[in-house]
Amino acid sequence: MAGPRELPPDEVLVQRLRDGDEETFALVLDSWSGGMVRLAMSFVSTKDSAEETVQDTWLAVIRGIDGFEGRASLKTWVYRILVNTAKARGAKESRTVPFASLLPEEEGPTVDAERFRATGEPYAGHWVAGQEPRPWHIPEDHVLRGEVREVIAEAIDELPPRLRTVITLRDVAGYGSEEVCSLLEISPGNQRVLLHRGRALLRRKLESYLSGAHDIAGGRGRA
Amino acid sequence: MNCAEFVELVTEFLDGSMSESAELSCVVHLARCEGCETYLDQFRQTTAALGGTLPGPGIPAAAREQLLEAFRGATRP
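In this text the structure is predicted, and so the values were computed from the model without any measurement.

What follows covers the UniProt feature "domain: RNA polymerase sigma factor 70 region 4 type" (unreviewed entry) in chain A. According to UniProt, the positions carrying the feature "domain: RNA polymerase sigma factor 70 region 4 type" (unreviewed entry) are residues 150-202 of chain A. Between the end C-alpha atoms of residues 150-202 of chain A the distance is 12 Å, and the span holds 83% helix and 0% strand.

Right, here's the structure in full:
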């Protein structure tokens, strides 16, 4: 039995939505709207505007579900409508997130240089003893998994907008790299740099969370 | 290849978009380096955790109600 927030497979979801099953619609609405508002914020200027973008997207989904062809996943399809709606609205608000070139802070190492042996030392560039990553696993337990998701959601919100946009499209919405490049008009190389930096920052957040707080069930303690 | 270099190549490695020789260097490095193997595994776990439902404020209750109403009212063939 799946947990309360697990969604059925796409073909079941789509069929139920086409049949007008309101419970299923409420389920996808509640499952995805949080992430959608988060992503829309990258393109528009205010939270209100992001919420309206998400609302417009769902209206388009209601109108278009019969025409959904199943070439991409349902979530990817919904997110494509969202991105197009958000871009159009962002353009009207004269707010665009330019992706053409990288910012200086988006380049350079993604792992703290102090964790590696310095140039000139033996084994330069290798992990300093005690600084190498220690294995962790994301707990199976339902409540703890929920906590991990909250840590991740918070960490995504703290990412710079461009990193947040790329990582949301790739890892949350499930787009391939080519689709992200075409949606954002960004080169494959720059897309990868932004994605890598975003993932590295989130991994670091999870590392500090999982190495400390998760022994205490339900605890929020942080060092 | 050293560890500081490997950690910058993880996304490219996972995307499968590397040249064959670069990929081979990564595999050789991974075979000898437990720290980087762990780093790679943590990257995988991080991206996998992102795929689920993320909690968030979502949309206001009134907007949600309007959407449910629009869904009910949609004409279906």
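Generally speaking, a soluble globular protein has its nonpolar side chains buried in company with each other. Among the nonpolar cores identified, the biggest contains 64 residues, and Phe-25, Trp-58, Leu-74 and Leu-184 of chain A are the most heavily contacted of them. A total of 9 residues in this core trace back to one element, the largest contributor, which is helix α2 (residues 22-40) of chain A. Split by domain, the residues of this core number at least three in each of domain 1 (1-97) and domain 2 (111-222) of chain A. In contact with Trp-58 of chain A, other than residues within four places in its own chain, are Phe-25, Val-28, Leu-29, Trp-32, Ser-33, Met-36 and Val-78 of chain A together with Leu-67 of chain B. In this structure, Val-10, Phe-13, Met-18 and Cys-26 of chain B belong to the second largest nonpolar core, which totals 17 residues.

Here we take up the interface of chain A and chain B. The interface is formed by 59 residues belonging to chain A together with 47 residues belonging to chain B. Both sides together, the interface formed by chain A and chain B hides about 4,500 Å², and carbon and sulfur atoms give 63% of it. Considering only the surface of chain A that becomes buried against chain B, Arg-192, His-196 and Arg-199 of chain A emerge as the three largest contributors, covering 13% of it. There are 4 salt bridges connecting chain A and chain B.

Here we come to the pattern of salt bridges. Across all of its chains, the model carries 19 salt bridges over all chains by this definition. Here Arg-64 of chain B ties to Asp-30 of chain A by a salt bridge, and the two come within 2.7 Å at their closest N and O atoms. Taken together, the residues span two chains, with Arg-64 of chain B in helix α5 (residues 61-73) and Asp-30 of chain A in helix α2. The class for Arg-64 of chain B is partly exposed, based on a relative accessible area of 23%.

Residues annotated by UniProt as "domain: RNA polymerase sigma-70 region" (unreviewed entry) correspond here to residues 36-95 of chain A. Annotated as residues 36-95 of chain A, this span is 70% helix and 0% strand, and its ends, taken at the C-alpha atoms, are 18 Å apart.

A word on the UniProt feature "domain: Putative zinc-finger" (unreviewed entry) in chain B. UniProt marks residues 3-36 of chain B with the feature "domain: Putative zinc-finger" (unreviewed entry), using the numbering shown here. This span, residues 3-36 of chain B, is 76% helix and 0% strand, and a straight line between its end C-alpha atoms measures 7 Å.

Each value, and the rule that gives it
- Sequence order as written defines residue numbering, which begins from 1 separately in each chain.
- Whichever chain is written first is A, and whichever ligand is written first is 1; the rest continue in order.
- pLDDT decides what is reported in this predicted model: residues at 70 or higher carry local features, side-chain atom pairs at 80 or more are listed and counted, and totals for whole chains, interfaces and linings draw on all residues regardless.
- Excluded from the side-chain calculations are hydrogens and water; all other atoms, namely the structure's heavy atoms, are used.
- UniProt positions are given in the numbering used here, feature names are shortened, and annotations may be inferred rather than shown by experiment.
- Numbering of helices and strands runs from the N terminus, with a helix taken as a DSSP run of H or I at least four residues long and a strand as a DSSP run of E at least two residues long.
- Only buried Ala, Val, Leu, Ile, Met, Phe, Trp, Tyr and Cys residues count toward a nonpolar core, and they belong to the same one when joined by side-chain atoms within 4.5 Å.
- Partly exposed residues are those whose accessible area sits between 20% and 50% of the maximum for their type, while under 20% is buried and over 50% is exposed, using a 1.4 Å probe and protein chains only.
- Where each domain begins and ends is defined by an automated method or by a domain database.
- Note on definitions: a residue-residue contact is assigned when non-hydrogen atoms from the two residues lie within 4.5 Å.
- Here's the idea: put two parts together, see how much 1.4 Å probe accessible area each one loses, and the total over both is what we call buried area.
- Salt bridges are defined by distance alone: a side-chain nitrogen of Lys or Arg within 4 Å of a carboxyl oxygen of Asp or Glu.

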